[in-house]
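# Examination of the molecular architecture
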Amino acid sequence: QVQLVESGGGLVQAGGSLILSCTASGRTFSTTTKAWFRQAPGKEREFAAAITWNGARTYYADSVKARFTISRDNTKNTVWLSMNSLKPEDTGVYYCAADPTGSYYDTQVWRYWGQGTQVTVSS
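For the structure given in this document, a descriptive report is provided here. Everything numeric in this text was worked out from a predicted model, so none of it was measured. (Residues numbered from 1 in each chain as written. Predicted model: local features only at pLDDT ≥ 70, side-chain atom pairs only at ≥ 80, totals over all residues. Heavy atoms only, no water.)

### Quick look at the overall build of the chain
Helix and strand counts for the chain stand at zero helices and 11 strands. What you see in the chain, going N to C, is helices and strands ordered as β-β-β-β-β-β-β-β-β-β-β. Expected size for 123 residues packed as a compact globule is a radius of gyration near 14 Å; at 13 Å, the chain falls within 12% of this value. Once the C-alpha set of the chain is aligned to its principal axes, its extents read approximately 45 × 25 × 25 Å. Per-residue burial for the chain yields a buried fraction of 41% across its 123 residues. For the chain, the computed accessible surface area is about 6,500 Å², with 48% contributed by carbon and sulfur atoms. Averaging the positions of the 12 positive and the 9 negative side-chain charges in the chain gives two centres separated by 5 Å. (Helix = DSSP H or I, 4+ residues; strand = E, 2+ residues; numbered from the N terminus. Rg over C-alpha atoms; globule rule 2.2 N^0.38 Å. Buried < 20%, exposed > 50% of the residue type's maximum accessible area, 1.4 Å probe, protein only. Areas by Shrake-Rupley, 256 points an atom, 1.4 Å probe, with all protein chains shown as cover. Lys, Arg positive; Asp, Glu negative; His and termini not counted. Charge placed at Lys NZ, Arg CZ, Asp CG, Glu CD.)

Here it is, written out as structure tokens:
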């Protein structure tokens, strides 16, 4: 089984930057595509970014393009989400996900999830 643990969330002013990390453990087979989702208060969980197993391709939601960057280092079993030019609407709980069984942007296709880390962007 795979366990995912996120860290790096916190409070930041609008226009600031924050880096989230997700570390995986407990898996005996090769790494797979991983993603970041986020859930704003009172809203549905939504896709933010994804990265293929070897980091060759990345995908972003329109709302975060040009501001967020997803990256990974398989030797460290870690995926990062670098967030720049943060806006108050970026506020929410950010979740790391792994092993999609279908379309990467669909919340229901991901097999493993972390516990989430809170990101709050103040005006």
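### Examining unusual backbone geometry
Comment: phi is negative for the bulk of residues other than glycine, and the bulk of peptide bonds are trans. The backbone of Asn77 sits at a positive phi, close to 55°, despite the residue not being glycine. With respect to the helices and strands, Asn77 occurs in the loop between β7 (68-73) and β8 (78-83). Unlike most non-glycine residues, Asp99 shows phi in positive territory, near 65°. By the element assignment, Asp99 lies in strand β9 (residues 92-100).

### Topic: the environment of Ala49
Inspection of the secondary structure puts Ala49 in strand β5 (residues 46-51). Looking at Ala49, the relative accessible area reads 0%, which means it is buried. Every residue in contact with Ala49, bar those within four places of it in the chain, is listed here: Lys34, Ala35, Trp36, Tyr59, Tyr60, Ile70 and Leu81. (Contact = heavy atoms within 4.5 Å.)

### Things to note about the sheet that holds strand β3 (residues 18-25)
Taken in spatial order, the four strands make up an open sheet running β1-β3-β8-β7, and their pairing is antiparallel. Looking at the sheet topology across the chains shown, the edges are occupied by β1 (3-7) and β7. On average, each strand axis in the sheet is inclined to that of its neighbour by 15°, with strand direction left out of account. Bridging between β3 and β8 involves six bridges; their strand directions are antiparallel. Each residue of the ladder has a partner; that of Thr23, found in β8, is Thr78. (Pairing = 2+ DSSP bridges. Axes fitted to C-alpha atoms, helices over the stretch in contact; angles between N-to-C directions.)

### Observations regarding the packing of aromatic side chains
In total, this model carries seven aromatic pairs according to the counting rule given. Between Phe37 and Phe47 the ring centres are 5.6 Å apart and the planes differ by 80°, which places this aromatic pair in the edge-to-face class. Within this pair, whereas Phe37 is found in strand β4 (residues 34-39), its partner Phe47 is found in strand β5, the two being separated by 10 residues in sequence. For Phe47, a relative accessible area of 11% gives the class buried. Ring geometry for Tyr95 against Trp113: centres 6.4 Å apart, planes inclined by 80°, an arrangement best described as edge-to-face. Here Tyr95 is found in strand β9, whereas its partner Trp113 is found in strand β10 (residues 110-113), with 18 residues between them in sequence. Residue classification places Tyr95 among the buried positions, given a relative accessible area of 13%. Exposure remark for Trp113: the relative accessible area of 25% places this residue in the partly exposed category. Connected via pairs of aromatic rings, a cluster forms that spans Phe37, Phe47, Tyr59, Tyr95, Tyr104, Tyr105, Trp110 and Trp113. Taking NZ or CZ as reference, Arg45 lies 3.7 Å from the ring centre of Tyr95, over its face. (Phe/Tyr/Trp six-rings, centres within 6.5 Å; stacked < 30°, edge-to-face > 60°. Lys NZ or Arg CZ within 6 Å of the ring centre and 35° of its normal.)

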